[in-house]
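Notes for the structure review
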2 protein chains.
Amino acid sequence: MPKLWNETIETHRRAVRDAALDAAAALVAEHGLRSVTMSQIAKETGVGRATLYKYFPDVEAILTAWHERQILGHLEHLARLRDQAGTAGERLKAVLEAYALIQHEHHGTELAVLLHRGEHVARARQHLHDFIRGLLAEGAETGDLRDDVAPDELAAYCLHALGAAGSLPSEAAVRRLVTVTLAGLRPAR
Amino acid sequence: MPKLWNETIETHRRAVRDAALDAAAALVAEHGLRSVTMSQIAKETGVGRATLYKYFPDVEAILTAWHERQILGHLEHLARLRDQAGTAGERLKAVLEAYALIQHEHHGTELAVLLHRGEHVARARQHLHDFIRGLLAEGAETGDLRDDVAPDELAAYCLHALGAAGSLPSEAAVRRLVTVTLAGLRPAR
C-alpha cells in the first residue's frame, strides 16, 4: 500500500482511539464509574461495539489509556514550565505549584482511586521524581537551594509534602503549601 | 460474684487476648501473612481453637487488634515526647523524628499494606494530625514556628512530607528529611 494510505489509516485509528477515550471519560464524569459500558462508549464514539473491541478489551483498559494520556499532558505541561526562563528556584516554584494544583484538582474521586493503582502511575511518579531531582540539583549548584541533602532525597520530600494538596480545601491553601515546601529547600542558615 | 473474681476473669481475658496478638504477629513475621491459621495461633497462644474463636472471628481480626495495640503504643510514645521539657520547636522535632522513624521502620511490608486499609488507621491519623497541630499552634504563639499559615495546614504538610520516610534507605536519611521538613516550618524570613 502507498505510504499516504498507511498514514491515513494510522491517523484514522488514532482519531477513533482519542474519541473513545474522550467518550469514556465524559460518560464516567456524568454517570459514575460503575454504570459505564462498552456499548455506551461505542455509541458516543460513533463506532460499532465490535469496532471498539478491536481497540480495547474492556472499559478499564479505556480508562487506563485515558489516564495515561492525561498524565502525559500533565508531564508535558510541567516540562514546559521547567524549560522557561528564570533561575532554578523560580522554575522549581512554577513546577511544584503546577504539580500541587494538579494533585488538588484530581484527588479523591472514585476514578482517581481506581486509576492510581495502575503501574503506569508508578512509572509517571518515577519520571516526575527524576525530573524534580534534576531541578533540585541545578538549584543546589547555583546556590538557590540547599546542597546539604542529596537531590534524590529532596525530591522525595517535595513529592510527598505536595501530596497534602489533595486534602486541602482551596487553591490558596495549595499555594501556601508550596511556599512552606519551598522554604524547606532553601540553603540552610 | 465478688469484685475480686470479676477482676481476675478480666485480667485473665486480657492476658489471653494479648498472648493471641503476640502469637499472631510472631507467626506472620516468621511464615508470612497468607500461611497463618487460627489453629496455629491458638496453639502458640496456649489455648484451644474453640477458645480463640470466642475472642476473635478470624486471623484478620487478630492482626487488626494487634495493629491497634501497636498504634496505641506509638501514640503514647509520641505523647511522652511532646510532654517532655523544652521549647515547642524542640518538642516538635522530637515528635516528628520519632514519627518519621516509625514510618521508616514499618513501611512497605505485605502486612502494612493489609493493615493500613483499616478504619482504625484513619482514626489514628486524624488523632496524630490534631496532636501535631496542637504543637504547631503552640510554636506559632511562642515565635518558634511560622504563624503565616494555619496549624491545620502545616500539620497536613508535616505528615505528608514525613511519609517520604517509608521509601528512604537509612535512618540518617530519615533524620535529614526531618531537618528539611522542620526548615519549612520556621518563621518566614
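The model shown is predicted, which means the values in this text are computed figures rather than measured ones.

What follows is about helix H7 (residues 119-142) of chain A. Residue and element names in this part refer to chain A. Along its 24 residues, H7 runs 35 Å from first to last C-alpha, staying within 8% of the 34 Å computed at 1.5 Å per residue. Restricting attention to buried positions, one finds in H7 the residues His120, Val121, Ala124, Leu128, His129, Phe131, Ile132, Leu135, Leu136, Gly139 and Ala140. Directly after H7, the chain includes Gly143, whose backbone phi takes a positive value near 85°.

A few words now on the relation of the copies chain B and chain A. In the superposition of chain B on chain A (RMSD 0.0 Å, axial shift 0.0 Å), the rotation amounts to 180°. Given the turn and translation reported, the copies of this chain are related as if by a two-fold rotation axis. Taken as a fraction of all interface residues of chain B, those also at the interface in chain A reach 100%, which identifies the copy contact as same-surface.

What follows is about empty space enclosed by the protein. With the rule as written, the count across this model stands at 2 cavities of 30 Å³ or more. Quantified by volume, the largest cavity comes out at close to 40 Å³. The wall of the largest cavity is formed by Leu168, Ala173, Arg176, Leu177 and Val180 of chain A together with Val149, Glu153, Leu154 and Tyr157 of chain B. Within the residue set of the lining of the largest cavity, elements represented by two or more residues are helix H9 (171-183) of chain A together with helix H8 (151-162) of chain B. Here the lining of the largest cavity gets 4 residues from one element, more than from any other, and that element is H9 of chain A. The volume enclosed by the second largest cavity comes to roughly 30 Å³.

Tallying the contact residues gives 24 residues for chain B and 24 residues for chain A. For the pair chain B and chain A, the two sides together bury roughly 1800 Å², of which 65% comes from carbon and sulfur. Counting every contact that joins chain B to chain A gives 2 salt bridges. Note that Glu153 of chain A and Arg176 of chain B form a salt bridge whose closest N and O atoms lie 2.8 Å from each other. Connecting chain B to chain A are 3 residue pairs in polar contact (both at pLDDT 80 or more). Here the side of chain B that touches chain A takes 7 residues from helix H9 (residues 171-183) of chain B, the largest share from any one element.

With respect to the element layout, Leu92 of chain B can be found in helix H5 (residues 88-106). With 11 residues separating them in the primary sequence, Leu92 of chain B and Leu81 of chain B have C-alpha atoms 8.5 Å apart.

All names here are of chain B. Two elements in contact, H8 and H9, have axes separated by 10 Å at closest approach and are oriented at 160°. Considering their axes alone, H8 and H9 lie roughly antiparallel with respect to each other. As for the relative orientation of H8 and H9, their crossing is right-handed in sense. Here Tyr157, Cys158, Ala161 and Leu162 of H8 come into contact with H9, specifically with Leu177, Val178, Val180 and Thr181. For the contact of H8 with H9, the per-class residue count stands at 7 nonpolar, 1 polar and no charged.

For the rest of this paragraph, the subject is the UniProt feature "DNA-binding region" (unreviewed entry) in chain A. According to UniProt, the "DNA-binding region" (unreviewed entry) feature falls on residues 37-56 of chain A. Strand forms 0% of residues 37-56 of chain A and helix 75%; the C-alpha atoms that close the span are 12 Å apart.

The rules behind these values
Residues numbered from 1 in each chain as written. Chains lettered and ligands numbered in written order. Predicted model: local features only at pLDDT ≥ 70, side-chain atom pairs only at ≥ 80, totals over all residues. Heavy atoms only, no water. Helix = DSSP H or I, 4+ residues; strand = E, 2+ residues; numbered from the N terminus. Expected span 1.5 Å × (residues − 1). Buried < 20%, exposed > 50% of the residue type's maximum accessible area, 1.4 Å probe, protein only. Least-squares fit on C-alpha atoms with pLDDT ≥ 70 in both. Contact = heavy atoms within 4.5 Å. 1 Å grid on protein atoms, 1.4 Å probe; cavity = no way out; pocket = protein on both sides within 12 Å on 5 of 7 lines; lining within 4 Å. Points joined across faces, edges and corners; volume = space filled by probe spheres on them. Buried area = accessible area lost by both parts, 1.4 Å probe. Salt bridge = Lys/Arg side-chain N within 4 Å of Asp/Glu carboxyl O. Polar contact = N/O pair within 3.5 Å; in protein donor to acceptor, adjacent residues only side chain to side chain. Axes fitted to C-alpha atoms, helices over the stretch in contact; angles between N-to-C directions. Parallel < 35°, antiparallel > 145°, perpendicular 65-115°, else oblique. Left-handed = near helix turned anticlockwise from the far one by under 90°. Nonpolar A, V, L, I, M, F, W, Y, C, P; charged D, E, K, R; others polar. UniProt positions renumbered as here; feature names shortened; annotations may be inferred.

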